[in-house]
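Architecture at a glance
Given next are the chains, with one letter for each unit.
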2 protein chains.
Amino acid sequence: MQSENSTRATCSGLTKEYDVYTVSETGIGNGRVEVCVEDTVTLLLNDTRIANLTVTPAELEEFALGYAVCEGLVPGPSAVESITVDGLTVHIRTNAFHEERISPETEIRSSGGVGVKTPWHELAAPVQGNLLLDLDTIFGGMDTLHRMASTWKSTGGTHCSVIIDADGVLQSHAEDMGRHTSVDKAVGKALSAGIDLSGCFMACTGRMPAGMVAKASRAGVPVIVTNNAPFSTGIDLARRLDMTLVGFARRPRAVVYSAPHRIRDI
Amino acid sequence: MQSENSTRATCSGLTKEYDVYTVSETGIGNGRVEVCVEDTVTLLLNDTRIANLTVTPAELEEFALGYAVCEGLVPGPSAVESITVDGLTVHIRTNAFHEERISPETEIRSSGGVGVKTPWHELAAPVQGNLLLDLDTIFGGMDTLHRMASTWKSTGGTHCSVIIDADGVLQSHAEDMGRHTSVDKAVGKALSAGIDLSGCFMACTGRMPAGMVAKASRAGVPVIVTNNAPFSTGIDLARRLDMTLVGFARRPRAVVYSAPHRIRDI
């Protein structure tokens, strides 16, 4: 499996291709899949840093104009004098910037999940433990995940995370409106109960950026599974940390993006 | 339609019930639906504010423990001496807090979308314009939304927003890994083209918290439609601003949460 991959522009954003293992009803094979790129953009308004935002790094000029209006930083598009894109930094010049409107509470924020420029960039230590999972245990974990998502069933508005051991036994679960927060709660419950997380995997709903992978890594969970898509950052971090990342896990199909050595059948 | 509603605990979180209009193949009726509550929690670590986070306000003690470990604020659960929940403020006491690890860039962040304690709490002006939409135009907008989501089709990893006028003509669209950011980009493109947004509606993928509704409001878009669930904050804000919020819009079904007077058939 290649560790680095090609990046190419699409009509509406940036994607990257990754070599993966594919699991399907016909067995385990190799494949190459297209993944959405995640990156961090810094917005400056008249040279004051307004926000670091997690975005797909495309159409940044339109993004900056829309953000300035939609977040109420300027009264309207006519108040924007110029927008300059310099790599992943965007400079907005306006004749209507009231610095007092930028409180400490709005100055730094993320619109795509956990905060930006977080320490996951510095994470380097591979996860420990010698967990070995059957594919069937992983799919069983997804079944458990869906079974535990009671608030999702009644509202359609939550994410769910479960922590499950190598025998398929549920150790903790949590639902929350945020996918990151559902991980925090599931980990918090398992730690409160004294569970050894190095012998467990985590199954989650929702997409998988680096922030989610980093949470599992810091908690010591070596395998993370989702029913949904990963982002490029999630795959890159999982590969760097030798964590096993499984996406689109919908029995009998799944995509294995990293560290397949923890899955017995591969 | 009632403007305030009951809140009750469920087994795994907090939900709230709302009176709505339901659209289905048998016509338009009244209904009562359960909606996931969104709220903002402040985390203090040895009295230093670490984060404001958008969460489902339940299981806050486990959340704080998991967050502290998963974000690397403490080396492990044994470093946490106590966790005290006081309403929506959570105090964590630890013997291993290194204040220098909390950089300005990690101090304030959100794990559930756009930043917290944002000015949407202060938004009060109702949206303007006399837009009147056919239900069929709204469903047509959802068809357009799905047709434009080309990166979603290849990666499964994006959100998409489209801006469409009352005649059903597409005015702008954008895809991004973040639902909030896709709105920023779609609005930025429409504003660049000089579109009058008061005569348009916006169709989006993904759930609908107040942050999304606020963006549409500031951009002057009076109607916002999603194929997914709203949060309590999104409904409450839309009602306060007299914005039309439509959720679970999947032809021939939809749920209308607020301001039905902009939909001709209701």
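Because the structure is predicted, anything quoted here is derived from the model rather than measured. (Residues numbered from 1 in each chain as written. Chains lettered and ligands numbered in written order. Predicted model: local features only at pLDDT ≥ 70, side-chain atom pairs only at ≥ 80, totals over all residues. Heavy atoms only, no water.)

All names here are of chain A. Per the UniProt record, "binding site: Mo-bis(molybdopterin guanine dinucleotide)" (unreviewed entry) is annotated on Phe248, Ala249, Arg250, Arg251, Pro252 and Arg253. Note that Arg250 resides in strand β12 (residues 244–250). Residues contacting Arg250, with those up to four places away along its chain left out, are Phe139, Asn227 and Asn228. Setting aside its immediate chain neighbours within four residues, Pro252 contacts Val23, Ser24, Glu25 and Phe139. (UniProt positions renumbered as here; feature names shortened; annotations may be inferred. Helix = DSSP H or I, 4+ residues; strand = E, 2+ residues; numbered from the N terminus. Contact = heavy atoms within 4.5 Å.)

All right, on to helix α7 (residues 232–240) of chain A then. Residues and elements named next belong to chain A. In terms of burial, α7 is largely enclosed, as seven of its nine residues are buried. Within the span of α7, buried status applies to Ser232, Thr233, Gly234, Ile235, Leu237, Ala238 and Arg239. Asp242, located one to two residues past α7, shows a positive phi value of around 55°. (Buried < 20%, exposed > 50% of the residue type's maximum accessible area, 1.4 Å probe, protein only.)

Before going further, it helps to spend a moment on the pattern of salt bridges. The tally for this structure, following the rule as stated, stands at 26 salt bridges over all chains. One salt bridge connects Lys215 of chain B with Glu71 of chain A, and the closest N-O pair in it is separated by 2.8 Å. On the criterion of chain membership, the pair formed by Lys215 of chain B in helix α6 (residues 210–219) and Glu71 of chain A in the loop between α1 (60–70) and β6 (80–86) is interchain, its members lying in two chains. Linking Arg262 of chain B and Asp242 of chain B is a salt bridge whose minimum nitrogen-to-oxygen distance equals 3.7 Å. With Arg262 of chain B in the segment after β13 (253–258) and Asp242 of chain B in the loop between α7 (232–240) and β12 (244–250), this pair connects stretches of sequence that are 20 residues apart. What makes Arg262 of chain B buried here is its relative accessible area of 4%. (Salt bridge = Lys/Arg side-chain N within 4 Å of Asp/Glu carboxyl O.)

Residues and elements named next belong to chain A. Pairing in this open sheet of four strands is mixed, and the strands run β5-β4-β7-β6 from one edge to the other. The open sheet has two edge strands, β5 (48–55) and β6, and neither has a second partner. Geometrically, the sheet is characterised by an average inter-axis angle of 20° between neighbouring strands, direction not taken into account. Bridge analysis of strand β4 (residues 39–45) against β5 gives seven bridges, and the strand direction is antiparallel. Bridge pairing in β5 places Val41 opposite Leu53. (Pairing = 2+ DSSP bridges. Axes fitted to C-alpha atoms, helices over the stretch in contact; angles between N-to-C directions.)

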